[in-house]
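Observations on chain architecture
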Amino acid sequence: MDELTALTRDLVSIPSHDGEAEVGDFIESWLREHTDATVTRDDAGEHDETDSEPRGGNVIARKGSGERSLALVGHHDVVPPDESQVDASGDYVVYQEDGRLYGRGSADMKGAVAAAMLAFRDADPDCELVFASFVGEEVGGVGARYAIEQGFAPDHALVAEGSTGYDSPEGIVDVALAHKGRRGSTVTARGSAAHASEPHLGENAIYRGCEAVERIKNLDWPTTEAAGETLEGSVVVTEIDGGSAWNVVPETCEITVDERTVPGERAALESVEELEDVEWTVVQDLPPMRCDDDEFADAVLEAVREVQSGQGQHVTKPHATDAGWLAQAGTECIVCGPSEPGEAHTRDESVSLAVLETCYEAYLELAERWC
């Protein structure tokens with residue numbers, strides 16, 4: 001427990017919301033010093049024109065060999081901290097209280113990365129065991145997508161995002177078989193401007209936009225079944241921007257749409273383009289995930305139950321993770337990690353040290369049981 005706590009503190013203390021090179025250096029050096037694995041560092045982020053921050057590359061380590069491969073996957077970037085999480089010198093504030101470690105990234109997800117690093121070090125697998133910590137997860141999976149493009153393709157992966165207390169009591173780690181994705185898009189309606197005193201001389205783009213909103217409002221939302229429950233998608237209009245002045249018939253209207261996707265079909269948002277002078281553009285598409293390998297899903301749950309007296313359930317998650325990108329590329333994924341609902345991205349973000357220990361033991365158990 002002391003070693004896991006110390007490693008988590010080290011990782012959390014290194015700022016990584018505005019470039020991840022320093023914490024990537026730490027992870028790489030630790031793996032080279034404490035394991036005999038083959039450790040590589042790529043240049044993820046450097047070739048993405050939309051990614052302006054210095055990412056520092058993914059850290060990937062491999063050891064063992066066999067007929068199949070298992071990856072323990074995390075990410076070492078974080079969202080920007082609250083001002084209370086940074087001291088006067090710009091360092092992250094990290095402290096322990098009541099069995100929890102507080103600091104930006106403690107729950108999402110440097111605590112899980114520390115548990116995976118130690119489990120990777122301590123495991124003696126009969127398959128290829130991989131540790132991977134990606135960059136740019138918080139900005140659309142920059143690192144995961146780059147790794148996949150470069151050939152990263154484990155047979156199975158445990159993505160160590162939060163799954164604790166999703167269906168079980170507080171402090172009990174669950175195992176997520178599926179999660180939703182997110183597709184963000186814009187709908188642009190076009191018209192022609194005119195003076196508002198003579199509206200018949202123009203075409204009101206806001207009126208056309210309202211027709212699009214009404215169509216979106218009436219769309220059917222896809223659903224799927226996972227872990228004995230229904231995972232339901234959603235489509236919500238979240239912003240409308242149109243017009244230039246109170247006395248001008250608007251010539252453009254832009255509508256922002258947030259869609260939560262599930263494995264399988266999507267909502268038919270493209271149907272808005274059937275309306276006159278209406279265009280639909282996808283801005284971001286984070287894929288959903290569902291594990292279709294029952295044997296692997298059961299093995300992860302068995303490993304979790306082994307170290308917490310038979311407790312833990314198969315569940316689903318509402319949030320997208322890098323498991324979506326891996327699953328889309330053909331890797332069978334499970335999400336299993338220490339963060340509880342409501343902890344990530346908060347001003348008082350924290351992780352239970354006892355749950356971190358549970359995750360370390362479960363990851364180690366899985367690495368040896370599955371392989």
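Just above, that's the structure.
Parameters at a glance
Residues numbered from 1 in each chain as written. Predicted model: local features only at pLDDT ≥ 70, side-chain atom pairs only at ≥ 80, totals over all residues. Heavy atoms only, no water. Pairing = 2+ DSSP bridges. Helix = DSSP H or I, 4+ residues; strand = E, 2+ residues; numbered from the N terminus. Axes fitted to C-alpha atoms, helices over the stretch in contact; angles between N-to-C directions. Contact = heavy atoms within 4.5 Å. Buried < 20%, exposed > 50% of the residue type's maximum accessible area, 1.4 Å probe, protein only. 1 Å grid on protein atoms, 1.4 Å probe; cavity = no way out; pocket = protein on both sides within 12 Å on 5 of 7 lines; lining within 4 Å. Points joined across faces, edges and corners; volume = space filled by probe spheres on them. Nonpolar A, V, L, I, M, F, W, Y, C, P; charged D, E, K, R; others polar.

Turning next to the sheet that holds strand 5 (residues 100–102). Read from one edge to the other, the open sheet built from three strands follows the order 4-5-20, with strand pairing classed as antiparallel. Bordering the open sheet on either side are strand 4 (95–97) and strand 20 (350–352), each of which pairs with just one other strand. Neighbour to neighbour, the strand axes of the sheet diverge by 25° on average, direction disregarded. Sheet topology places strand 4 next to strand 5; three bridges connect them, and they run antiparallel. The residue bridging E97 from the neighbouring strand is R100, located in strand 5. Against the sheet, helix 3 (residues 106–122) touches strand 5 and strand 20, its axis set at about 45° to strand 20.

Turning our eyes to something else, we now look at the sheet that holds strand 15 (residues 252–261). Spatially, four strands are ordered 13-15-9-16 in an open sheet, and the strand pairing comes out antiparallel. Each having just a single partner strand, strand 13 (234–242) and strand 16 (278–286) make up the two edges of the open sheet. Recorded for the sheet is a direction-independent mean angle of 20° between the axes of neighbouring strands. For strand 9 (residues 181–190) and strand 16, the ladder comprises eight bridges, and the chain directions are antiparallel. Each residue of the ladder has a partner; that of R183, found in strand 16, is D285.

All right, on to the pairing of strand 3 (residues 69–75) then. For strand 3, the tally of buried residues reaches seven of seven residues, placing the bulk of the element in the interior. The side-chain alternation of strand 3 yields two buried faces, one formed by S69, A71, V73 and H75 and the other by L70, L72 and G74. Alignment of strand 3 against strand 7 (residues 156–159), held across four bridges, turns out to be parallel. Its bridge partner being in strand 7, A71 is matched across the sheet by A157.

Right, let's get into the environment of S29. By the secondary structure assignment, S29 is in helix 2 (residues 21–34). Of the residues examined, S29 reaches a relative accessible area of 45% and is grouped as partly exposed. Sequence separation of S29 and V39 is 10 residues, and the distance between their C-alpha atoms is 9.2 Å.

Here the focus is unusual backbone geometry. Glycine aside, residues mostly have negative phi angles, and peptide bonds mostly take the trans form. Along the chain, D108 connects to M109 via a cis peptide bond; the corresponding omega equals -5°. Here M109 is to be found in helix 3. Positive phi values are uncommon outside glycine, yet S309 reaches one of about 55°. You can see S309 is positioned in the loop between helix 6 (294–307) and strand 18 (314–317).

The subject of this paragraph is the layout of surface pockets. Leftover empty space is mapped by rolling, across the atoms, a probe with the size of a water molecule. As a volume, the largest pocket reaches approximately 540 Å³. As for the largest pocket, its lining consists of 28 residues, of which E137, E138, H319, A320 and H345 are closest to the centre. The dominant element in the lining of the largest pocket, judged by the number of residues it contributes, is helix 3, at three residues. For the lining of the largest pocket, a count of residues per class yields nine nonpolar, nine polar and 10 charged. Together, 14 residues line the second largest pocket, and P288, M289, R290, A327 and Q328 are the ones closest to its centre. Of all the elements in the fold, those that place two or more residues in the lining of the second largest pocket are strand 17 (289–290), helix 7 (322–328) and strand 19 (332–335). Of the residues contributing to the lining of the second largest pocket, the split by class is seven nonpolar, four polar and three charged.

All right, on to the side chain of E28 then. Along the chain, E28 falls in helix 2. For E28, a relative accessible area of 16% gives the class buried. Once residues within four sequence positions are removed from consideration, E28 is found in contact with V39, R41 and V59.

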